[in-house]
Protein chains: 2
Amino acid sequence: MKMHTVSFDIGKKPVEVPTGTTLVEAAKEAGIEIQQPCGGQGRCGRCVVKIEKGTTRIRSALNLSAEDIQKGYTLACQTVVEGDVSVSIPPQEKIQRRLVSDLTAKKVSVPEGYNYTIHQTIQRIRLTIPPPSMDDQTDDWARLKRALRQEVNIDEPQISLSLIQEIGSVLREGDWQVSAVINVPSQNSQEQARLIALYPIHLQQEIPLWGCAIDIGTTTVTVWLADLITGEVHAQVAEYNQQISHGEDVISRIIFSSKEGNEGILKGLVLETINTLIDRACKRVKIRPEEIYKATVAGNSTMLHLLMEIPATNIRLSPFITTINQFPKFTAREVGLDIHPDGVVDILPSVASYVGADITAGAFSSGIATTDINTLFMDVGTNGEIVLGTKDWLVTCACSAGPAFEGAGVVNGMRATKGAIEEVWIDGQTYEPNIRVIGGGLPLGLCGSGLLSLLAELFLAGVVDKSGNINQNLDTPRVRTGEHDTEYVVAWAKETGHSQDIVITHVDIDNLLRAKAAIFAGYTVLANSVGVPLESVEQVLIGGAFGQYINVEKAVEIGLLPDMPWETFHFLGNTSVLGAYHALLNHESRKKINEIAKRMTYIELSADNTFYEAFTSALFLPHTDLALFPTVAKKMTG
Amino acid sequence: MKMHTVSFDIGKKPVEVPTGTTLVEAAKEAGIEIQQPCGGQGRCGRCVVKIEKGTTRIRSALNLSAEDIQKGYTLACQTVVEGDVSVSIPPQEKIQRRLVSDLTAKKVSVPEGYNYTIHQTIQRIRLTIPPPSMDDQTDDWARLKRALRQEVNIDEPQISLSLIQEIGSVLREGDWQVSAVINVPSQNSQEQARLIALYPIHLQQEIPLWGCAIDIGTTTVTVWLADLITGEVHAQVAEYNQQISHGEDVISRIIFSSKEGNEGILKGLVLETINTLIDRACKRVKIRPEEIYKATVAGNSTMLHLLMEIPATNIRLSPFITTINQFPKFTAREVGLDIHPDGVVDILPSVASYVGADITAGAFSSGIATTDINTLFMDVGTNGEIVLGTKDWLVTCACSAGPAFEGAGVVNGMRATKGAIEEVWIDGQTYEPNIRVIGGGLPLGLCGSGLLSLLAELFLAGVVDKSGNINQNLDTPRVRTGEHDTEYVVAWAKETGHSQDIVITHVDIDNLLRAKAAIFAGYTVLANSVGVPLESVEQVLIGGAFGQYINVEKAVEIGLLPDMPWETFHFLGNTSVLGAYHALLNHESRKKINEIAKRMTYIELSADNTFYEAFTSALFLPHTDLALFPTVAKKMTG
């Protein structure tokens, strides 16, 4: 087979690939992940790259203009190598990829600030077993158990039928010298030890032990692949949750899954997403998925129910009850996860229908559960989950913000991907906007941070009043009455990627106000309910992908975040997967997450009398009570 | 003397007999020969007849169920006339079926003499669970566990994923009133409790609990379906093990299963056999298989390995090692058994490659493990498994008898089904045989008991000498030189069902001699190895289907059974399924079977120096040392 050299502008080294390799595959070989939301069918146009020189064959060029093609642009998934090739990856693609998650990371150390003793439950042990004879006809399994008792003091380990089926041949193949992989729960655990795998010893080499931490987000699924001995994270991969095609938020997914005939569909989709990610991570690190012996899973309660195909109906019906918060351990075979079939799947504990394992994991990894000072931890997404407390106490609540902050339920809303307006500035005199678009091209819509930014600017420029009404007396063509309502034009049709105006309507603004009011009311009511004034909160920790990219100043200006000094806010990124990673590597951490789940007091906001009042007071920009937002008040007067 | 009229349905005329005449005698008077393989001792159950009307007195009703007796069935040899009587003789077909097992029994009581406390592990419990509210949003599973803790003091029961998937809807369908089925192991057990099923309470009716005891024989599979609350056996069904098509004995099955491409075939066949039987039993009792929550399984080590698709190769290779003797508990789903998918499958413990769970179960149910007197227990089939001991000690061994006693490996051998010659008498003057055929039609071949009977008769008639050689100088056309060897013609072609001569050859006789010698050597070496002379053995318990139908006298004549008084021998039928039934109904019995498995000392005969000598000395009829068989010696001289 003829080999060709393919080099990428952002790749460290050229790679050698045979004729017919797609550019996506070649890029993967070079450690560069090119996104393919459409699954490599040449439909979405997201994998566009530029051929600087070399010979390729293009299978399909849908989504590309003749001019683009002439310039050398092509779809990486539809282009195969037929000679030496130089490829450059457009800068917008690089930016965009960072937004979803750090997909380019090849090897990541233990996250900074989180160095601690690795004390995890997966152990490997070499066993030398006295071979049987006519004088000792003890059966293989008893023989193996005898060795395990002597070596690691394990008495009656669990074992799957399929491993029992292998014992006889492995013992003999290894000439009674074997390596065992065992899950050994902590001493106080009620859980039994489990013999996961058994290998004949052929070489002196120790068998590698891998584990993965998984966060199932409503929008994005993240997998970290870690060496269980060193704790080092060798791959971090993320992808959109394929369930999105059946609903943007948990409520619509629950409704979809409850319809007759839809059983198992969402489970299948999220499993496909996770397994694709595991496969991708394994290929990058050059290991086999069977070498992963444990997976620790975080996610909100709905995501975890759907993963296990447990009906989630009662999560959305009053009084909002999950079927299960503390899952027993399962094997990967039972769950359908593509790691070692007898590998342990540890699903982290949830607290309530809307305070899931993502929050208990986040409460642990954010440090709120061990701090001395009053701390607010929030994970802002479709739902805002909020935790308030210190090492001595923790209260939590969830407020349904709606999907506006994720760009859904808004006329020109979209997810934070290429073409989304992510930041807006408005001239206080001309009311003309200045926008920044993800990927740098023509805008297609507004994502969460763009909406937030736009609302703050419209308010401070006086286009929108404190009630969210659009001032129709301004001298600008951008304010107009649309089909149904008043609206502000953010981008004219000729400036957009789809040749249609991009607008924000009065209804959109109402949605945003309700979303931010729900979150503001959430943490203020939570604070009041335990008699801790908001002023006494000394740090605000913000988790979740959304929290990673919002502009604090603007979030305060619209009254989403409390008016506190900049240094009060800490953006922690994906606290959920980080918590899962902790739980994977240290069973003391795992135990603490359990303790956190138990000691978190859940407060149901819809049952709190003061919530509605707090919510309605927060339906203004930034708030009815301006005294709560002194720095914003200053900007308004100034 | 008072005379009574006795009429038989198949007799030409009624006969007149005095009070006290047995039905066998009355039948003879009417020209009807009723079979009595046991010699009229009421032991073999082969002379069963039905009293249509009239007055009789029954001396013994061993071998008959209470229901059978109620229907009028009785043993002709044990029933005496006390008034006018009408008798019907069951069609031969029914008799034949009784040979395989009691397939006609519709409902059988707890086996006589085995009444004991039912103390089994499957419990049903009604739970009333406080419904959730906004003030108590505890998840369903925690709510259910709380109720289980309060009601039955179970802390963290195991639960399958598929049951978790049902919890939410069952709790609500039952309006928070449910019936739970739980497996609660005994307190000292390391095993965890398991929630097997959960039903909404609609009616006041208690849910029924069923269990089954299964014996997987190399030839026959037996299933007893029992009510776990009353202990009553409602159906006993048996069928040939479908694996037979791939080999008559365990060795040929192991070889078949080890060949590439044959994986799983034997598992599939035995599962099909068991599941068909379960289905048949359920239909008879009118229950659904899902109402069976526990199955206790006995069988030899090879059968149990094949059932679980565990490679059995090392069972037949020196030093003869099983993969597993003490199985963990499995769910029916894991095994593939068609009972409730979360039902518990309890596989009884084995001791060694050739002393399986059928023997530990048999050692328990036969009573050898609790007796004060020296007892020999043997299960004669393709392998003869032998246990010697008292309540204080137990030794065991297995000897490979070969399949001759099951009618295989012999020129005209066949299984004990319709058309098999089961008994032979030979005239000492003319050397002409008189045969009895199962089913009464034309003979097709010789089954184990027929071969045994034939050999004894040939020997006592002088056709065969003590070395097993056929005397060719006799004046009879029945002795001749066949294609390969000398042979004796048992039935001429014109008298058989397939129009071919039925013969026994010198090679066949050699096979039979080796089989009986192996068993004789087995129990004598076993006795010697522990210094217990055979003479001190006070009872011989014989289990297994073969043991149910052999003629003791003839078995002693060929030197298979030791020369002891008649009353020393007790035929117990299927001791294996009986042991499984005990284990099903009482966890103390189950524990005792475990203890038996542990305290049985296995003696490997092939490693015993004296075995070969004992074996070769026993290769004669009845034995080299005639002093060991005084009653046979008397017949030879007389």
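To be clear, the structure that these remarks concern was listed above.
Now for a quick tour of the structure. Predicted, not measured: the structure shown is a model, and the values here were computed from it.

What about the overall build of chain A?
A tally of regular secondary structure across chain A gives 19 helices and 26 strands. Computed over its C-alpha atoms, the radius of gyration of chain A comes to 27 Å, within 12% of the 26 Å expected for a compact globule of 638 residues. Its C-alpha atoms give chain A principal-axis dimensions of about 100 × 70 × 50 Å. Once local pairs closer than 6 in sequence are excluded, the contacts in chain A between residues at least 24 apart make up 67%. Accessible area for chain A stands at about 25,300 Å²; split by element, carbon and sulfur atoms hold 49% of it. Taking the average place of the 54 positive charges on the side chains of chain A and the average place of its 74 negative ones, the gap between the two points comes to 5 Å.

Comments concerning the pattern of salt bridges
Considering all chains together, one arrives at 52 salt bridges over all chains under this definition. Two residues, Asp279(A) and Lys283(A), come together in a salt bridge whose shortest N-O distance is 3.0 Å. Taken together, the residues span about one helical turn, with Asp279(A) and Lys283(A) both in helix H7 (residues 265-285) at a distance of four residues. With a relative accessible area of 31%, Asp279(A) lands in the partly exposed category. Glu191(B) is the salt-bridge partner of Lys329(B), the closest N and O atoms lying 3.2 Å from each other. Pair noted here: Lys329(B) is in the loop between helix H9 (313-316) and strand S13 (330-331) and Glu191(B) is in the loop between strand S7 (177-183) and strand S8 (194-200), with a separation of 138 residues, a long-range link. Judged by relative accessible area, which is 32%, Lys329(B) ranks as partly exposed.

So, the sheet that holds strand S2 (residues 15-18) of chain B
Residue and element names in this part refer to chain B. A sheet is described by the order of its strands in space; here five strands give the open sequence S2-S1-S5-S3-S4, paired in mixed fashion. Only two strands of the sheet have a single neighbouring strand rather than two, namely S2 and strand S4 (73-75). Within this sheet the neighbouring strands show an average axis-to-axis angle of 45°, counted without direction. Summarising the sheet, strand S3 (residues 48-58) and S4 pair through three bridges and their orientation is antiparallel. Its bridge partner being in S4, Val49 is matched across the sheet by Thr74.

Notes on the interface of chain B and chain A
The interface is formed by 42 residues belonging to chain B together with 42 residues belonging to chain A. Here chain B packs against chain A, burying approximately 3,400 Å² in sum over the two surfaces, 58% of which is carbon and sulfur. Viewed at the interface, chain A and chain B are joined by zero salt bridges. Joining chain B to chain A, the criterion identifies 17 residue pairs in polar contact (both at pLDDT 80 or more). When residues of the side of chain B that touches chain A are traced back to their parent elements, those giving at least two are helix H4 (140-152) and helix H5 (161-173) of chain B. Ranked by residue count, the leading element in the side of chain B that touches chain A is H5(B), at six residues.

Description of unusual backbone geometry
At the junction of Ser318(A) and Pro319(A), the peptide bond is cis and its omega measures out at 5° in the coordinates. Counting through the fold element by element, Pro319(A) comes out in the loop between helix H9 (313-316) and strand S13 (330-331). A cis amide bond links Leu621(B) to the next residue, Pro622(B), at an omega of -15°. With respect to the helices and strands, the residue Pro622(B) is situated in the loop between helix H18 (609-617) and helix H19 (630-637). We note that Asn153(B) has phi near 55°; this positive angle belongs to a residue other than glycine. Mapped onto the elements of the fold, Asn153(B) is located in the loop between H4 and H5. Of the residues examined, Asn153(B) reaches a relative accessible area of 67% and is grouped as exposed.

Structural notes on a nonpolar patch on the surface
Residue and element names in this part refer to chain A. A surface patch of nonpolar side chains, amounting to about 210 Å² of accessible area, comprises Leu460, Leu626 and Met636. Note on placement: Leu626 falls in the loop between helix H18 (609-617) and helix H19 (630-637). Classification of Leu626 as partly exposed rests on a relative accessible area of 33%.

A look at the side chain of Arg478(B)
Residue and element names in this part refer to chain B. Tracing the sequence through the fold places Arg478 in the loop between helix H12 (448-460) and strand S21 (479-481). The class for Arg478 is buried, based on a relative accessible area of 3%. Within the local environment of Arg478, its side chain forms a polar contact with the side chain of Glu432, the two groups lying 2.9 Å apart. Engagement of the side chain of Arg478 in a polar contact is seen with the backbone oxygen of Val490, the distance being 3.3 Å. Contact partners of Arg478, with chain neighbours within four places excluded, come to Tyr431, Glu432, Pro433, Glu487, Tyr488, Val489, Val490, Ala491, Trp492 and Glu495.

Section: the environment of Pro533(B)
Residues and elements named next belong to chain B. Position of Pro533 among the secondary structure elements: in the loop between helix H13 (506-529) and strand S24 (539-543). For Pro533, a relative accessible area of 40% corresponds to the partly exposed category. Expressed as a C-alpha distance, the spacing of Pro533 and Glu309, which sit 224 residues apart in the sequence, is 42 Å.

As for the packing of helix H11 (residues 357-366) of chain B against helix H16 (residues 575-585) of chain B
Residue and element names in this part refer to chain B. Where H11 meets H16, the axes come as close as 7 Å, and the angle between the chain directions of the two elements is 80°. Here H11 lies roughly perpendicular to H16, going by the angle between them. Residues Asp358, Ala361, Gly362, Phe364, Ser365 and Ser366 of H11 form the contact with H16, whose own contacting residues are Thr575, Ser576, Leu578, Gly579, Ala580 and His582. The residue makeup of the contact of H11 with H16, split by class, is four nonpolar, seven polar and one charged.

Notes on the pairing of strand S19 (residues 433-437) of chain B
Residues and elements named next belong to chain B. Here strand S18 (residues 420-426) pairs with S19 via five bridges, running antiparallel. Its bridge partner being in S19, Glu423 is matched across the sheet by Arg436. Between S18 and S19, which follow one another and run antiparallel, lie six residues, and Tyr431 among them has a positive phi close to 65°.

Quick look at the state of the cysteines
One pass over the structure, following the stated rule, counts zero disulfides over all chains. You can see Cys282(A) has no disulfide; the closest cysteine sulfur is in Cys212(A), sitting 7.8 Å from it. You can see Cys399(B) has no disulfide; the closest cysteine sulfur is in Cys397(B), sitting 5.5 Å from it. Under the relative-accessibility criterion, Cys399(B) is labelled buried at 2%.

Looking at the packing of helix H11 (residues 357-366) of chain A against helix H17 (residues 587-599) of chain A
All names here are of chain A. It is the contact of H11 with H17, at a shortest axis distance of 9 Å, that shows an interaxial angle of 115°. As H11 packs across H17, the resulting crossing turns out to be right-handed. Within the contact between the two elements, H11 uses Thr360, Ala361, Ala363 and Phe364 and H17 uses Ser589, Lys592, Ile593, Ile596 and Ala597. Class assignment for the residues of the contact of H11 with H17 results in six nonpolar, two polar and one charged.

Quick word on the packing of aromatic side chains
Residue and element names in this part refer to chain A. For the coordinates displayed, the defined rule picks out ten aromatic pairs over all chains. Where Phe520 meets Phe629, the ring centres are 5.7 Å apart and the plane angle is 40°; that geometry is what we call tilted. Residue Phe520 is found in helix H13 (residues 506-529), and its partner Phe629 is found in the loop between H18 and H19; the two are separated by 109 residues along the sequence. Classification of Phe629 by relative accessible area gives buried; the value is 0%. A centroid spacing of 6.1 Å and a plane angle of 15° characterise the contact between Phe611 and Phe615, whose relative ring orientation is stacked. Of this pair, Phe611 and Phe615 both sit in helix H18, four residues apart, roughly one helical turn. In terms of burial, Phe611 and Phe615 fall into one category: buried. Site record: aromatic cluster; members linked through ring pairs are Phe520, Tyr523 and Phe629.

Observations concerning the sheet that holds S8(B)
All names here are of chain B. Across the sheet, which stays open at both edges, the three strands sit in the order S6-S7-S8 with antiparallel pairing between neighbours. Each edge of the sheet is formed by a strand with only one pairing partner; in this case those strands are strand S6 (122-128) and S8. Each strand of the sheet is rotated relative to its neighbour by a mean of 25°, with strand direction disregarded. When S7 meets S8, the two strands line up antiparallel, connected through six bridges. Each bridged residue has a counterpart across the sheet, and for Ser179 the counterpart in S8 is Tyr199. Strands in contact with H4 are S6, S7 and S8; relative to S6, the strand with the most contacts, it is inclined by about 115°. On top of the sheet, H5 reaches S7 and S8; it is set at about 35° to S8, its chief contact.

Conventions adopted
Residues numbered from 1 in each chain as written. Chains lettered and ligands numbered in written order. Predicted model: local features only at pLDDT ≥ 70, side-chain atom pairs only at ≥ 80, totals over all residues. Heavy atoms only, no water. Helix = DSSP H or I, 4+ residues; strand = E, 2+ residues; numbered from the N terminus. Rg over C-alpha atoms; globule rule 2.2 N^0.38 Å. Contact = heavy atoms within 4.5 Å. Areas by Shrake-Rupley, 256 points an atom, 1.4 Å probe, with all protein chains shown as cover. Lys, Arg positive; Asp, Glu negative; His and termini not counted. Charge placed at Lys NZ, Arg CZ, Asp CG, Glu CD. Salt bridge = Lys/Arg side-chain N within 4 Å of Asp/Glu carboxyl O. Buried < 20%, exposed > 50% of the residue type's maximum accessible area, 1.4 Å probe, protein only. Pairing = 2+ DSSP bridges. Axes fitted to C-alpha atoms, helices over the stretch in contact; angles between N-to-C directions. Buried area = accessible area lost by both parts, 1.4 Å probe. Polar contact = N/O pair within 3.5 Å; in protein donor to acceptor, adjacent residues only side chain to side chain. Patch = residues over 30% accessible without salt bridge, like charges linked within 9 Å, V, L, I, M, F, W, Y side chains within 5 Å. Parallel < 35°, antiparallel > 145°, perpendicular 65-115°, else oblique. Nonpolar A, V, L, I, M, F, W, Y, C, P; charged D, E, K, R; others polar. Disulfide = S-S within 2.5 Å. Left-handed = near helix turned anticlockwise from the far one by under 90°. Phe/Tyr/Trp six-rings, centres within 6.5 Å; stacked < 30°, edge-to-face > 60°.

Spatial relationships are all this shows, so hold off on functional conclusions.
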